[in-house]
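Chain residues, written in single-letter form:
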Amino acid sequence: MGLTEQLVHPDPRQRAEAARRVSGAVWDPGAEAELAGVLVEAACAEEDPGALEAQTGALVAVEGGISDLGLQRLGLVWPAPPVLERLLARAGRLQVSARVTPGGAATLAVVRCLRGAPRTGSRLRTPGGAWVVLERIELYGRAVDRLDAGSTARVLLSGAGARGLEEWDRLEADPRARDCVRRMGDPDPRVRRLAAEEAADWPDAWDGDDGRRLCTALARAAVTETDPEAREGELYALLRLGHFASAAVLTLLRGLERRLVPPPLRPYLDDLLDERPPGDRVRQ
């Protein structure tokens, strides 16, 4: 029985085990999208709490493959486990749908949620790169904790970018990690290296979920990389973000031929791979 079939097996224990197998590996982009689609279907129909917990945890491992429609469907899962709430908030995208009203320390705006489900307290970036904080969400005259895709609400925004907003502007829940992951798959090795360098520039800026996602993308890029300079940048970024590296990422890196690792990075990579026993060093 294949993994996708096991994800929809009649036995919830089988479904949970299959989801844990998804979490325990690093997938190529094609498999990631396929598994994400099956997991979305499974999670939206799941009635077993243990299987649902495993499925929503596995969604983080294939987050880059979840479509906008899939995110919208996941927003209907109720009650949403915390890991799913965070995933939906990270995917948040709002569009200003009316003229904004600055007032005091905050700005009042009407927005429509285009993707994900931002929550109160979420930080979003303006088109100009400034930050705003979603202080309050008011839906049909009632304060709510989150805004689901397709909904329109009055919101209160604070932060440096709030006053400069205009109608039709889009706000993205910190798009930096998502953009870095996307550019790590670019055909141009210079773009891949720059994406890795940007990930390494902010080692303390990433939360756990984004850090793990970046490590997965960096490891996947490094083991398939054909350009030596890009590979060096990817491995250096991995070392900078090594505290986020999952067991699946370390397993992938252990398959990297040692001759492909730049000599100055070899002892540091050896140390990273030896931090989580059991496991061997990079192959000699």
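Residues numbered from 1 in each chain as written. Predicted model: local features only at pLDDT ≥ 70, side-chain atom pairs only at ≥ 80, totals over all residues. Heavy atoms only, no water.

Caption draft 1: How the structure looks around unusual backbone geometry. In this model, Trp78 is joined to Pro79 through a cis peptide bond whose omega is -5°. Look at Tyr140: it is not a glycine, yet its phi comes out positive at around 55°. In this structure, Tyr140 sits in the loop between strand E5 (131–139) and strand E6 (142–144). Not every positive phi belongs to a glycine, and Trp168 is a case in point at roughly 85°. Relative to the assigned elements, Trp168 resides in the loop between strand E7 (152–158) and strand E8 (170–173). (Helix = DSSP H or I, 4+ residues; strand = E, 2+ residues; numbered from the N terminus.)

Caption draft 2: Region of interest: the layout of surface pockets. For the largest pocket, the calculated volume is near 590 Å³. Along the walls of the largest pocket sit 27 residues, with Pro29, Glu32, Gly64, Val181 and Arg220 positioned nearest its centre. Where the lining of the largest pocket is concerned, the elements lending two or more residues are helix H3 (29–45), helix H5 (68–74), helix H7 (176–183) and helix H9 (208–224). Counting residues per element, the lining of the largest pocket draws most heavily on H9, which supplies six residues. Tallied by class, the residues present in the lining of the largest pocket amount to 13 nonpolar, three polar and eleven charged. (1 Å grid on protein atoms, 1.4 Å probe; cavity = no way out; pocket = protein on both sides within 12 Å on 5 of 7 lines; lining within 4 Å. Points joined across faces, edges and corners; volume = space filled by probe spheres on them. Nonpolar A, V, L, I, M, F, W, Y, C, P; charged D, E, K, R; others polar.)

Caption draft 3: Expanded view of the nonpolar core. Within the largest apolar cluster, 32 residues are counted, with the highest numbers of intra-cluster contacts made by Met184, Leu214, Leu235, Leu238, Leu241, Val249 and Leu253. For this core, the elements supplying multiple residues, two or more each, are H7, helix H8 (189–201), H9, helix H10 (228–240), helix H11 (247–254) and helix H12 (266–274). No other element matches H9, which puts six residues into this core. (Core = buried A, V, L, I, M, F, W, Y, C linked by side-chain atoms within 4.5 Å. Buried < 20%, exposed > 50% of the residue type's maximum accessible area, 1.4 Å probe, protein only.)

Caption draft 4: Region of interest: the environment of Leu35. Here Leu35 shows up in helix H3. Through-space distance from the C-alpha of Leu35 to that of Leu7 is 8.9 Å; in sequence the pair is 28 residues apart. Excluding residues within four positions of it along the chain, Leu35 makes contact with Leu3, Thr4, Leu7, Val22, Trp27 and Val62. (Contact = heavy atoms within 4.5 Å.)

Caption draft 5: Looking closely at the packing of aromatic side chains. Counted under the stated rule, the structure contains zero aromatic pairs. Directly above the ring of Trp131 sits Arg125, whose terminal nitrogen or CZ lies 4.8 Å from the centroid. (Phe/Tyr/Trp six-rings, centres within 6.5 Å; stacked < 30°, edge-to-face > 60°. Lys NZ or Arg CZ within 6 Å of the ring centre and 35° of its normal.)

Caption draft 6: Quick look at the side chain of Arg258. Note on placement: Arg258 falls in the loop between H11 and H12. When its relative accessible area of 18% is taken as the criterion, Arg258 is described as buried.

Caption draft 7: Quick peek at the state of the cysteines. Counting across every chain of the model gives zero disulfides. Unpaired in this structure, Cys215 has its nearest cysteine sulfur neighbour in Cys180, at a distance of 12 Å. (Disulfide = S-S within 2.5 Å.)

Caption draft 8: Molecular detail of the pairing of E5. Of the pairings in the sheet, the one linking strand E4 (residues 123–125) to E5 comprises three bridges and is antiparallel in character. Along E5, the bridge assignment pairs Leu124 with Val132. Count of turn residues in the E4/E5 antiparallel hairpin: five residues, of which Gly129 carries a positive phi of about 90°. As defined by bridge partners, E5 adjoins E7 across five bridges and the pair is classed as antiparallel. Paired with Ile137 across the two strands is Val155, which belongs to E7. Two successive antiparallel strands, E5 and E6, enclose a turn made up of two residues, where Tyr140 displays a positive phi of approximately 55°. (Pairing = 2+ DSSP bridges.)

Caption draft 9: Expanded view of the packing of H9 against H11. Taken N-terminus to C-terminus, the directions of H9 and H11 make an angle of 10°; their axes are 10 Å apart at the nearest point. By the angle between their axes, H9 is roughly parallel relative to H11. The handedness of the crossing between H9 and H11 is left-handed. Two secondary-structure elements touch here, H9 through Cys215, Thr216, Ala219, Arg220 and Val223 and H11 through Val249, Leu252 and Leu253. Among the residues forming the contact of H9 with H11, the class breakdown is six nonpolar, one polar and one charged. (Axes fitted to C-alpha atoms, helices over the stretch in contact; angles between N-to-C directions. Parallel < 35°, antiparallel > 145°, perpendicular 65-115°, else oblique. Left-handed = near helix turned anticlockwise from the far one by under 90°.)

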